[in-house]
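Fold and geometry: a report
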Amino acid sequence: MSVAFRRESDEEHLEPTFEIPLPPGPNWVTARGLRLTREKVEALEAVETGGMAEEDAKKHKRELRYWRTRLATAELRPVPDGEAVAFGSSVTYRLNGQEKRIAIVGDDEADPAEGRIAFSAPLARAMMDAEEGEAVDFGGKAGAITILAIEPIAGE
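This report concerns the structure included in the present document. Sequence positions are assigned chain by chain, starting from 1 and proceeding in written order. Only residues with pLDDT of 70 or above have their local features reported here, since the model is predicted, and side-chain atom pairs are shown and tallied only from 80 upward, although totals for entire chains, interfaces and linings are computed over all residues. Working from all heavy atoms in the structure, the side-chain values ignore hydrogens and water.

Focus: the nonpolar core
With 18 residues, the main nonpolar core has Val 85, Val 91, Tyr 93, Ile 102, Met 127, Ile 145 and Ile 147 as its most contacted residues. Helix and strand definitions follow DSSP, with helices as H or I runs of at least four residues and strands as E runs of at least two, each counted in order from the N terminus. For this core, the secondary-structure elements that each account for two or more residues are strand E3 (89–95), strand E4 (98–105), helix H3 (122–127) and strand E7 (141–152). Element by element, the count of residues in this core is highest for E7, at 4 residues. Residues count as neighbours in contact if any of their non-hydrogen atoms are within 4.5 Å of one another. Those residues in contact with Val 91 that sit more than four places away from it in its chain are Val 85, Lys 100, Arg 101, Ile 102, Ile 104, Met 127, Ile 147 and Ala 149. Residues enter a nonpolar core if they are buried and are Ala, Val, Leu, Ile, Met, Phe, Trp, Tyr or Cys, with the set joined through side-chain atoms within 4.5 Å. Throughout, exposure labels follow a simple rule: accessible area from a 1.4 Å probe, protein chains only, divided by the maximum for the residue type, with under 20% read as buried, over 50% as exposed, and the rest as partly exposed.

Here's what the structure looks like:
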């Protein structure tokens, strides 16, 4: 029989589903980030998927696999001493004449709207190892950022 007359299953036309991509590099976490990841796994594990539609259950299990992987690979980093910008630091800086404050955290804990940026973000990478009073290059501009204050993230 010609291939043209072969019945294809409906499954052949569906988009493939992939795992949620993991951020590249190490999975560094603060104490808060580790706690939030544990809570996320516990909340997802507590959901009963038996009554869900098949597609919803698949999405739920996919998300649970992501968070279990993140919990299994989490590397709790020590609290920094505040002498230089590091993972787990809260940094007050001046950029383009504006004073701002950020906390440098892990990828899953990052929330730029809340002032928490991932250690892998360009801004955080530019500041790493800088000390108070130091000007660092950013965005192709020499000395674009001035570090005003460094301290460990409060509540860690």
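Focus: the pattern of salt bridges
Think of a salt bridge as a Lys or Arg side-chain nitrogen and an Asp or Glu carboxyl oxygen that are within 4 Å of each other. In total, this model carries 8 salt bridges according to the counting rule given. A salt bridge links Arg 35 to Glu 39; its shortest N-O distance comes to 3.4 Å. You can see Arg 35 and its partner Glu 39 sitting in helix H1 (residues 31–45), 4 residues apart, about one turn around the helix. Using a relative accessible area of 39% as the deciding quantity, one classes Glu 39 as partly exposed. The shortest N-O distance in the salt bridge between Arg 70 and Asp 108 comes to 2.6 Å. One end of the pair, Arg 70, is in helix H2 (residues 54–73); the other, Asp 108, is in the loop between E4 and strand E5 (116–118), with 38 residues separating them in the sequence. Taking the relative accessible area as the measure of exposure, Arg 70 reaches 3% and is therefore buried. The partly exposed category is assigned to Asp 108, whose relative accessible area is 28%.

Focus on the packing of H1 against H2
A fitted line through C-alpha atoms represents every axis, and for helices the fit uses only the stretch in contact; the resulting angles, taken between N-to-C directions, go from 0 to 180 degrees. Put simply, H1 and H2 touch, their axes get as near as 9 Å, and they point 150 degrees apart. By the angle between their axes, H1 is roughly antiparallel relative to H2. The element H1 and its partner H2 pack so that their crossing is left-handed. Contacts between H1 and H2 involve Leu 34, Thr 37, Arg 38, Lys 40, Val 41, Leu 44 and Glu 45 from the former and His 60, Glu 63, Leu 64, Trp 67, Arg 68, Arg 70 and Leu 71 from the latter. Each residue receives one of three labels: charged for Asp, Glu, Lys and Arg, nonpolar for Ala, Val, Leu, Ile, Met, Phe, Trp, Tyr, Cys and Pro, and polar for the others, Gly being one of them. Counted by class, the contact of H1 with H2 contains 6 nonpolar, 2 polar and 6 charged residues. An angle below 35 degrees is treated as roughly parallel, one above 145 as roughly antiparallel, one from 65 to 115 as roughly perpendicular, and anything else as oblique. In this scheme the handedness of a crossing depends on how the near helix is turned from the far one: anticlockwise by less than a right angle means left-handed, clockwise means right-handed.

A look at empty space enclosed by the protein
Only protein atoms enter the 1 Å grid, on which a cavity is a set of points fitting a 1.4 Å probe that cannot get out and a pocket is an open set with protein on both sides within 12 Å along at least 5 of 7 lines, lining residues being those with an atom within 4 Å of a point. Grid points are joined across faces, edges and corners, and a volume is the space filled by probe spheres set on the points. Evaluated as defined, the whole model comprises 1 cavity of 30 Å³ or more. Reported here for the largest cavity is a volume of approximately 30 Å³. Every element with two or more residues in the lining of the largest cavity is listed here: strand E1 (28–29) and H1.

Description of the packing of aromatic side chains
Each Phe, Tyr or Trp ring (for Trp, its six-membered ring) is paired with any other whose centre lies within 6.5 Å, and the angle between the two planes then decides the class: stacked below 30 degrees, edge-to-face above 60, tilted in between. Considering all chains together, one arrives at 4 aromatic pairs under this definition. Between Trp 28 and Phe 119, the aromatic rings sit 4.8 Å apart at their centres with planes inclined by 25 degrees, giving stacked as the arrangement. One end of the pair, Trp 28, is in strand E1; the other, Phe 119, is in the loop between E5 and H3, with 91 residues separating them in the sequence. The exposure class assigned to Phe 119 is buried, which follows from its relative accessible area of 11%. When the ring of Phe 87 is compared with that of Phe 119, the centres are 5.5 Å apart and the planes differ by 80 degrees; the resulting orientation is edge-to-face. Separated by 32 residues along the polypeptide, Phe 87 in the loop between strand E2 (75–76) and E3 and Phe 119 in the loop between E5 and H3 bring together distant segments of the chain. On the basis of relative accessibility, which here comes to 6%, the residue Phe 87 falls in the buried class. Charge-over-ring contacts are defined here by two conditions on Lys NZ or Arg CZ: a distance within 6 Å of the ring centre and an angle within 35 degrees of the ring normal. Over the ring of Trp 28 we find Arg 77, and its NZ or CZ is 4.1 Å from the ring centre.

Geometry only, nothing functional implied.
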